[in-house]
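Below, each chain spelled out in residue letters.
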Amino acid sequence: MSGLLLSSLAAALLLATGTEGAGKNYVGGYLLVQDVQQLKVLASKASTLPVNRMWLSFVSPTMLYVNGSHTLVGTGLNLTAAADGGFAEVQQYVKQLEAGGVETFLSMGGWNYNCYPYLYMRYSVGGYGTSTPNYWKIQEFGGGSVSGCTKGNQYCYVCEPPSQHTSLDKSFSIFPEPAHSASWKAAKEYVTSGANGVAPQWNENMIPGQQWTDPKTGIATLVPGMTAYLAAGRNPYEDIVHLAKDLGCAGVDVDYEEMWHADTFKTGTGPWDLQQTVYKYAAILKNVEATIRKVAPKMKLSTAAGAVGAWGGNWWGGNLKGVWLKVNQAYPDLISFMAGGPNSGGVNVMTYDLSSNEQYHECPQPGVCQLDQQVAFYMNTYQQVPIAASVGYEIGTPAYPDPKHDPTHQLPLTTQMMDSIISQTQSSHAGGFFWEMYKPAEAGQATPTQLAQALCKKLLPGSSRCSGVIPPWK
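Section: the overall build of the protein
- Helix and strand content of the protein: 16 helices and 12 strands.
- Its C-alpha radius of gyration of 21 Å places the protein within 12% of the 23 Å reference for a compact globule of 474 residues.
- Once the C-alpha set of the protein is aligned to its principal axes, its extents read approximately 60 × 55 × 45 Å.
- Scored against the burial criterion, the 474 residues of the protein give a buried share of 58%.
- In the protein, once contacts between residues fewer than 6 apart in sequence are set aside, the share between residues at least 24 apart is 73%.
- When the accessible surface of the protein is totalled, it reaches about 18,500 Å², and 53% of it is carbon and sulfur.
- Computed over 29 positive and 34 negative side-chain charges, the inter-centroid distance for the protein is 6 Å.

The structure is reproduced here in structure tokens:
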């Protein structure tokens, strides 16, 4: 048989059986929960929604939850003024969603809960000279110098623009290294035992709510994140599992995007190495996995992965290139737990917020600049590893590049691009997901319902839910 025919047969078998080393086919949407009414409306239509998986976003990496306490207060997902922060309502709606065939995951992270404003400004945005994609923020808010980026302007608003009305002490967080926790210590030991080459260097003195002094500059800043888990002696990587179990969720999700960590703790002279971030991410995954095995053995684990995460070769900073590749090389059991087998929740590749700006080398190869081309390129890097991974889509105007500063290089998901990606790339992958279920689309762009229906018809052919819609919530 020809290679093309074999490839077509393999893709057909994948979609028919739902196996790419990773459980059944799924169409999923991340829900940025702003109001519990969203969940109520979705739960009421669970059996007809054009998705069969949903991620509730986001709990904080510095969350506190005591198993059995049945409260969302202290989790970063406090939804109502009720004493339990909305726990009882969310639990009820999760039960309805699960009964209606929609697997529900609890997601930890998201961009703001991954951003350390000072370090992201100093070593990511401002760490590679003035000719980088986001340096305009330093020029606009800091007078062209990193010294002009201060607490007063949220370090040149590198994490969020002024229009978002964020605050340094409440809006952001890091993924902590909870030194007091026995399970974190065990996760570190696991990572250290598998380290190849450079030894892990932990940063357990970087504690949310406390001052941390940058050894390179002598500047002290407040480490972002909530602090109650510290006083209670809790570990957020355990607590997310306990919370998901008590809510009745099918799984948990680790959305790790600490670019500041890679740029701050890189080694070498250029190209650099981000091995310390590989170690940190691996330890977080191991800590969550170990908790699942202990308290909820049937629970699934998923992760959001960077588009460049499986791409090998030189790393020149500013992203998380190769992190998932390197984790798979050193700790393959961590990836396989998420990508295949009974606990597989999926490796969800964020193949969006991409740019066609060749001035900053943002196309992966010359001429590979259109959205469908880039998605195909990046998903192929995961296939080559191989890591069974799911294709990511974003509704509406992308967050990057900045829609006001560089609108001409944005790559939104038009209906034409949606059709192209689904026909050309999605066929080789058992999962497709999108951000976000209630994000508005502009004229000519795919709406959440259009995308979910198209993915459903591709991945769940014949399912009655493929004609369903995502209902309005207000």
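Quick look at the nonpolar core
- Met54 and Leu106 are the most contacted members of the largest nonpolar core, which totals 108 residues.
- When residues of this core are assigned to their parent elements, the largest contribution, 10 residues, is made by helix α11 (residues 275-295).
- Residues in contact with Met54, not counting those within four places in the same chain, are Gly29, Leu31, Leu39, Leu42, Leu49, Leu97, Val102, Glu103, Thr104, Phe105 and Met437.
- Formed by 23 residues, the second largest nonpolar core is a distinct cluster that contains Tyr118, Tyr120, Tyr123 and Val125.

Some details on the packing of helix α14 (residues 371-384) against helix α15 (residues 415-424)
- The N-to-C vectors of α14 and α15 enclose an angle of 30 degrees; their axes lie 9 Å apart at closest approach. In terms of axis orientation, α14 runs roughly parallel to α15. Between α14 and α15 lies a crossing of right-handed hand. Contacts between α14 and α15 involve Leu371, Asp372 and Val375 from the former and Met417, Ser420, Ile421 and Gln424 from the latter.
- By residue class, the composition of the contact of α14 with α15 is four nonpolar, two polar and one charged.

What counts and how
- Residues numbered from 1 in each chain as written.
- Predicted model: local features only at pLDDT ≥ 70, side-chain atom pairs only at ≥ 80, totals over all residues.
- Heavy atoms only, no water.
- Helix = DSSP H or I, 4+ residues; strand = E, 2+ residues; numbered from the N terminus.
- Rg over C-alpha atoms; globule rule 2.2 N^0.38 Å.
- Buried < 20%, exposed > 50% of the residue type's maximum accessible area, 1.4 Å probe, protein only.
- Contact = heavy atoms within 4.5 Å.
- Areas by Shrake-Rupley, 256 points an atom, 1.4 Å probe, with all protein chains shown as cover.
- Lys, Arg positive; Asp, Glu negative; His and termini not counted.
- Charge placed at Lys NZ, Arg CZ, Asp CG, Glu CD.
- Core = buried A, V, L, I, M, F, W, Y, C linked by side-chain atoms within 4.5 Å.
- Axes fitted to C-alpha atoms, helices over the stretch in contact; angles between N-to-C directions.
- Parallel < 35°, antiparallel > 145°, perpendicular 65-115°, else oblique.
- Left-handed = near helix turned anticlockwise from the far one by under 90°.
- Nonpolar A, V, L, I, M, F, W, Y, C, P; charged D, E, K, R; others polar.

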